[in-house]
Protein chains: 2
Amino acid sequence: MIRVLLVDDQHLIRAGLRMLCDAQPDIEVVGEADNGRDAVSLAARLIPDVVVMDLRMPGVDGITATSRILADRPGTRILVLTTFGDDDHLYPALTAGACGFLLKDAPPADLLDGVRKAAAGDSPFSQEVLRRLVQRAVDARSDTPRPVEGLTAREQDVLNLVAEGLSNTEIAEQLHIGITTVKTHITSLMTKTGSDNRVRLALFARGA
Amino acid sequence: MIRVLLVDDQHLIRAGLRMLCDAQPDIEVVGEADNGRDAVSLAARLIPDVVVMDLRMPGVDGITATSRILADRPGTRILVLTTFGDDDHLYPALTAGACGFLLKDAPPADLLDGVRKAAAGDSPFSQEVLRRLVQRAVDARSDTPRPVEGLTAREQDVLNLVAEGLSNTEIAEQLHIGITTVKTHITSLMTKTGSDNRVRLALFARGA
DNA sequence: CGCTTCCTCCTACCTGGGTAGGAGACGGAA
DNA sequence: TTCCGTCTCCTACCCAGGTAGGAGGAAGCG
């Protein structure tokens, strides 16, 4: 039997979820909360397997509640169920330790499936959210590999030192060349990398 | 009926998949290929709904084949099915346009489910892969500027923008304050953080 | 041999970054 | 109330950073 705690500030949503869950032979709703603070204390007392958590709530929000519950009992599976799947909700929730993220417009079967998956150690995500997740992961990847084709050996040397935060003078000393030479290389680096100031150049070199 | 093209260099795997699919009323295997080149030409001729694609193959690999098939017919759903779920396989595959990524140790039911999901426009992922995906997305988030002790709120604002590579003028515009104010904050930031130039300040903010 | 690329360095110039020191306004704490 | 910290902005100054353009030497290549 999967013990579930429902957290949502809207009474109707909780009622709907409870009805849905109670109709299942393997899922049992052991408690409800309409705000983050109650959610934390209830979770501590009831020790549910899965917490179905809304994010936007009065007082303590869902993100904070998630962190606190997990700080207390790290094994708890917290499944976020919310209306908004944008980045500002998704990533804080995942960072806080939520194991899944479903949108409220998901069909009931997906919700129940999500609860079961969460309890089983899996990570249920709505398709829409999943797409966003993949996109970000791919983006993050395509940012890192900066082969920086077309840089000469010397330019690469200078770029590395710029990335370390050295001044032109320091770079000149380090490489045993004149400061004007350093400037020459840097100007060329800027145009080649499309940076218009030194910090951006440094960030570029670091793949950021 | 979902028309499927199987691509894998191991005959046994193909045989197993074919048997599995043929037992389903809604899935039809329309062709097989044991290398990337054949996969591309077969896909062009058979126009399958879903391509189940292995990555490690002799000759043209699965990533390249995926790119080529999608270049020809962008609507094709390509579901990667491979033994290895590490980053070096996962991200290139997603970048190439694969819609899902399953591991070969997945239970048969998950495979069939994956094919159906892929055909329906969803993105099936093995749990293990999904975990990795979430991790990376979260990581990519968390390497944004980190808060530093002892800084005033406004200084923190300025520091974050310095860390992004903005110039003083850009920062002033962004925060709707004067450029001299920005300079004041930056001077204070430099002394507080012990940086003696702007790049080091930016690196400090990024925790480097 | 010319040709090209790269590395080196130069002058001259301008702008942005950074320092020094001061000042007015505001809000909270003593 | 006074005092302190923060945020705001100022002037004035200096210098590092960045641009423009040119030039000589070394190495590789057709």
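The model shown is predicted, which means the values in this text are computed figures rather than measured ones.

> Before we move on, could you go through the nonpolar core and cite the residues and values that matter?
Membership of the largest hydrophobic core comes to 36 residues, with the highest contact counts inside it found for A:Val158, A:Ile171, B:Val158 and B:Ile171. Every element with two or more residues in this core is listed here: helix 7 (153–164), helix 8 (168–175), helix 9 (179–193) and helix 10 (198–205) of chain A together with helix 7 (153–163), helix 8 (168–175), helix 9 (179–193) and helix 10 (198–205) of chain B. Apart from the residues lying within four places of it in its own chain, the contact partners of A:Val158 are A:Ile171, A:Leu175, A:Val182, A:His185, A:Ile186 and A:Leu189. One finds A:Ala93, A:Ala137, B:Ala98 and B:Ala137 within the second-largest nonpolar core, a separate group that totals 34 residues.

> Just give me the short version of the domain arrangement of chain A, but keep the residues and values in it.
Interface size is often expressed as the accessible area that is lost when the parts come together. Examined at the domain level, chain A breaks down into domain 1 (2–141) and domain 2 (153–205). In this structure, domain 1 of chain A and domain 2 of chain A have C-alpha centres spaced 49 Å apart.

> Could you give an account of the interface of chain B and chain A, with specific residues and numbers?
Contacts between the two partners involve 35 residues from chain B, matched on the other side by 35 residues from chain A. Between chain B and chain A, the buried area comes to about 2800 Å², and carbon and sulfur atoms account for 60% of it. Across the contact surface, chain B and chain A share two salt bridges. One salt bridge connects B:Glu170 with A:Arg200, and the closest N-O pair in it is separated by 2.8 Å. The tally of links from chain B across to chain A stands at eight residue pairs in polar contact (both at pLDDT 80 or more). Every element with two or more residues in the side of chain B that touches chain A is listed here: helix 4 (87–96), helix 6 (127–142), helix 7 and helix 10 of chain B. A per-element tally of the side of chain B that touches chain A places helix 6 of chain B first, with ten residues.

> Please set out helix 5 (residues 108–119) of chain B residue by residue, giving values where relevant.
Residues and elements named next belong to chain B. Over its twelve residues, helix 5 extends 17 Å from the first C-alpha to the last, a length consistent with the 16 Å expected when each residue adds 1.5 Å. All buried positions along helix 5 are accounted for by Leu111, Leu112, Gly114, Val115 and Ala118. Along helix 5, the residues classed as buried sweep out an arc of 155° about the axis, all on the same side. For helix 5, the secondary structure elements touched by its buried residues are strand 1 (2–7), helix 1 (11–22), strand 2 (27–33), strand 3 (50–53), strand 4 (77–82) and strand 5 (100–103).

> Which residues make up the sheet that holds strand 2 of chain B, and what are the values?
All names here are of chain B. Here we have five strands laid out as an open sheet, ordered 2-1-3-4-5, and parallel in their pairing. Each end of this open sheet is capped by a strand with a single partner; those strands are strand 2 and strand 5. Shown here is a sheet whose adjacent strand axes are inclined to one another by a mean of 25°, direction ignored. Pairing analysis gives six bridges linking strand 1 to strand 2, with the strands arranged parallel. Paired with Arg3 across the strands is Glu28, a residue of strand 2. Lying on the sheet, helix 1 is in contact with strand 1, strand 2, strand 3 and strand 4; it crosses strand 2 at an angle near 160°. On the sheet, helix 5 packs against strand 1, strand 2, strand 3, strand 4 and strand 5 and is oriented at approximately 160° with respect to strand 4.

> Lay out the pairing of strand 4 (residues 77–82) of chain A with the relevant residues and their values.
Residue and element names in this part refer to chain A. Of all six residues in strand 4, six are buried; the element is thus mostly enclosed. Burial along strand 4 is two-sided: the face carrying Arg77, Leu79 and Leu81 and the face carrying Ile78, Val80 and Thr82 are both buried. With four bridges connecting them, strand 3 (residues 50–53) and strand 4 associate as parallel partners. When the bridges of strand 4 are listed, Val51 appears paired with Ile78. In the classification by handedness, the crossover that spans strand 3, the intervening helix 3 (residues 62–72) and the parallel strand 4 is right-handed. In terms of handedness, the path from strand 4 via helix 4 (residues 87–96) over to strand 5 (residues 100–103) forms a crossover that is right-handed.

> An account of a negative patch on the surface is requested, with residue identities and associated values reported.
A contiguous patch of negative charge on the surface is contributed by A:Asp110, A:Asp113, B:Asp110 and B:Asp113. Secondary-structure elements contributing two or more residues to the negative patch are helix 5 (108–119) of chain A together with helix 5 of chain B. Residue placement: A:Asp113 occurs in helix 5.

> Describe the protein's contact with DNA strand C, listing the residues and the values that go with them.
Surrounding DNA strand C, one finds 16 residues, the nearest of these being A:Thr152, A:Arg154, A:Gly178, A:Thr181 and B:Arg198. Close to the protein, within 4 Å, the atoms of DNA strand C are drawn from sugar and phosphate at a rate of 66%. At 2.9 Å from a phosphate oxygen of DNA strand C is found a main-chain nitrogen or oxygen belonging to B:Arg198. Within the residue set of the surface near DNA strand C, elements represented by two or more residues are helix 7 and helix 9 of chain A together with helix 9 of chain B. Per-element accounting of the surface near DNA strand C gives the leading share, four residues, to helix 9 of chain A. The residue makeup of the surface near DNA strand C, split by class, is three nonpolar, ten polar and three charged.

> Give me the sheet that holds strand 5 of chain A: which residues, what numbers.
Residue and element names in this part refer to chain A. On the basis of which strands lie adjacent, the open sheet formed by five strands has the order 2-1-3-4-5 and parallel pairing. In this open sheet, the two strands that pair with only one neighbour each are strand 2 (27–33) and strand 5. On average, each strand axis in the sheet is inclined to that of its neighbour by 25°, with strand direction left out of account. In terms of strand pairing, strand 4 meets strand 5 through four bridges, oriented parallel. If you follow Leu79 over to strand 5, its bridge partner there is Gly100. Along the sheet, helix 3 contacts strand 3 and strand 4; its crossing angle with strand 3, the most-contacted strand, is approximately 165°.

Criteria and cut-off values
Residues numbered from 1 in each chain as written. Chains lettered and ligands numbered in written order. Predicted model: local features only at pLDDT ≥ 70, side-chain atom pairs only at ≥ 80, totals over all residues. Heavy atoms only, no water. Core = buried A, V, L, I, M, F, W, Y, C linked by side-chain atoms within 4.5 Å. Buried < 20%, exposed > 50% of the residue type's maximum accessible area, 1.4 Å probe, protein only. Helix = DSSP H or I, 4+ residues; strand = E, 2+ residues; numbered from the N terminus. Contact = heavy atoms within 4.5 Å. Domains from an automatic or database assignment. Buried area = accessible area lost by both parts, 1.4 Å probe. Salt bridge = Lys/Arg side-chain N within 4 Å of Asp/Glu carboxyl O. Polar contact = N/O pair within 3.5 Å; in protein donor to acceptor, adjacent residues only side chain to side chain. Expected span 1.5 Å × (residues − 1). Arc of directions from axis to C-beta. Pairing = 2+ DSSP bridges. Axes fitted to C-alpha atoms, helices over the stretch in contact; angles between N-to-C directions. Right-handed = clockwise from strand over helix to strand, strands pointing away. Patch = residues over 30% accessible without salt bridge, like charges linked within 9 Å, V, L, I, M, F, W, Y side chains within 5 Å. Areas by Shrake-Rupley, 256 points an atom, 1.4 Å probe, with all protein chains shown as cover. Lys, Arg positive; Asp, Glu negative; His and termini not counted. Charge placed at Lys NZ, Arg CZ, Asp CG, Glu CD. Near = heavy atom within 4 Å. Nonpolar A, V, L, I, M, F, W, Y, C, P; charged D, E, K, R; others polar.

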